[in-house]
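Observations on the three-dimensional arrangement
Below, each chain spelled out in residue letters.
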Amino acid sequence: MPVVTSSIGRRPPGKAVGLGVALVSALSFGGSGVAAKPLIEAGLDPLQVVWLRVTGAALVMLPLAVRHRALLRQRPALLAGFGLLAVAGVQACYFAALSRIPVGVALLIEYLAPALVLGWVRFVRRRPVSRAAVLGVVLAAGGLACVVEVWSGLGFDPLGLLLALGAAGCQTGYFVLSDQGAGGGRAAPDPLGVIAYGLLVGAVALTAVSRPWTMDWTVLGGTAHLDGTPVPAAVLLGWIVLIATVLAYVTGVVSVRRLTPQVAGVVACLEAVVATVLAWVLLGEHLSAPQAAGGAVVLLGAFIAQSSTPAEGAAEPVADGGADRTLPARGTTA
């Protein structure tokens, strides 16, 4: 787990570190589907898997929530927003969309979030956005269309598309809220505390829609099959909770604070590429030539977006991956 250091008397961390952390986040998030699919095939409902994922992660992060309990008094709106949008909202809207439109279409619409972040920066915060950042978003979106082979499931379901757009909006909220306090000035909320309470809020919200009391709990004591290979269901759940949720959210929030929401958002598009490649390797879902080419385009888009950062010390960094950010020391809000 990356070390969060105080900004006092220290040189701002390099952008390369932020990019590395963002890649870890994308890799971690990307592995969730591969581990969740065998559990769903073993008899669990998709929303119940999401509830197990979020609730398990909330329990793991509970000691940090207790340590940073002052956040409940200092930043209640931020904690509620992170839990309802970045945790529960994304998951619930995405899985609801899957019930009405193809997976590829839902995934592509959800990952319009980097473009929405750019719009938020340009029109709400009224900060300039570089052409390179816009080009990176366009290339990433085009590459994702190839990765998910969106043309194979083209159809028009207004409610399904609206739900997928809701997931994109909630994903945008994840990047925007993760950036809170990164610019200095007033005391910034500790990112680990925000994640801990966000997961707790998300777990409570998801309980109402997932109805875990109807779950077949015996599935977790048995085995699931990963491309024909039996794997203990508890091991898959542990991967989803510890790697695809705890590690993914922690590194994701830290990467946004070291970079900017818009650059971290474009790098996060690699999650879809990672998920597709892992499905190919572990589940036997083979990649087509357009998918491989699309993955390369996503990588190119992420590279262009992150390389558009102005030189350190620029008088007015543009909103495309601006000057390096420093992070608050752990425990400053406890």
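Scroll up a little and you will see the structure.
Note that the structure is a prediction, hence the values are computed from the model and not measured. By convention here, each chain's residues receive numbers from 1 onward along its written sequence. Totals for whole chains, interfaces and linings use every residue, but because this is a predicted model, local features are given only for residues with pLDDT of at least 70 and side-chain atom pairs only at 80 or more, for both listing and counting. Each side-chain value is worked out from all heavy atoms of the structure, with water and hydrogens disregarded.

1. A word on the pairing of strand S2 (residues 229–232)
Within a regular strand, side chains alternate between the sheet's two faces. Note the following rule: Paired strands, as defined in this entry, are two strands with at least two bridges between them according to DSSP. Only runs of H or I of at least four residues qualify as helices and only runs of E of at least two qualify as strands under DSSP, and these elements are numbered from the N terminus.
One ladder, built from 4 bridges, connects strand S1 (residues 223–226) with S2; its direction is antiparallel. The residue bridging Thr 223 from the neighbouring strand is Pro 232, located in S2. The loop that links S1 with its antiparallel partner S2 comprises 2 residues; one of these, Asp 227, has a positive phi angle of about 55°.

2. Digging into the nonpolar core
Across soluble globular proteins, you tend to see nonpolar side chains buried next to one another. Cut-off, in case you're wondering: Think of a nonpolar core as a cluster: buried Ala, Val, Leu, Ile, Met, Phe, Trp, Tyr and Cys residues, connected wherever their side-chain atoms sit within 4.5 Å. For every residue, the accessible area obtained with a 1.4 Å probe (protein chains only) is divided by the maximum for its type, and the residue is called buried under 20%, exposed over 50%, and partly exposed between those limits. Here a residue-residue contact requires only that any non-hydrogen atoms of the pair lie within 4.5 Å.
Leu 44, Phe 82, Tyr 174, Ile 195, Leu 199 and Tyr 249 are the most contacted members of the largest nonpolar core, which has 54 residues in total. The element contributing the most residues to this core is helix H12 (residues 233–258), with 11 residues. Discounting chain neighbours no more than four positions away, the residues touching Leu 44 are Leu 39, Val 49, Leu 52, Met 215, Asp 216, Val 219 and Leu 220. Counting residues in each nonpolar core, the second largest holds 28 residues, with Ala 22, Ala 97, Ala 133 and Val 298 among its members.

3. Structural notes on the packing of helix H3 (residues 46–60) against helix H6 (residues 76–98)
Which entries qualify depends on this criterion: The angle between two axes is taken between their N-to-C directions and runs from 0 to 180 degrees, where each axis is a line fitted to C-alpha atoms and a helix contributes only its stretch in contact. For this classification, under 35 degrees means roughly parallel, over 145 means roughly antiparallel, 65 to 115 means roughly perpendicular, and everything else is oblique. In this scheme the crossing of two helices becomes right-handed for a clockwise turn of the near helix relative to the far one and left-handed for an anticlockwise turn of less than a right angle. Any residue outside Ala, Val, Leu, Ile, Met, Phe, Trp, Tyr, Cys, Pro, Asp, Glu, Lys and Arg is labelled polar, Gly included; the first ten of those are nonpolar and the last four are charged.
At their nearest, the axes of H3 and H6 sit 10 Å apart, and the two run at 165° to each other. On the basis of the axis angle, H3 is roughly antiparallel to H6. Crossing of H3 against H6: the hand is right-handed. Here Pro 46, Leu 47, Val 50, Arg 53 and Val 54 of H3 lie close against H6, whose contacting residues are Val 87, Gln 91 and Phe 95. Looking at the contact of H3 with H6, its residues break down into 6 nonpolar, 1 polar and 1 charged.

4. Quick word on the environment of Val 87
Secondary-structure assignment places Val 87 in helix H6. On a C-alpha basis, the gap between Val 87 and Gly 202 in space is 5.4 Å, while along the polypeptide they are 115 residues apart. When near neighbours in sequence (up to four residues on either side) are disregarded, Val 87 contacts Val 54, Phe 82, Gly 198, Leu 199, Gly 202 and Tyr 249.

5. Overview of the side chain of Arg 53
Inspection of the secondary structure assignment puts Arg 53 in helix H3. Owing to a relative accessible area of 9%, Arg 53 belongs among the buried residues under this scheme. In this structure Arg 53 touches Phe 29, Ser 32, Gln 91, Ile 240, Val 241, Ala 244 and Thr 245, once residues within four positions along its chain are discounted.

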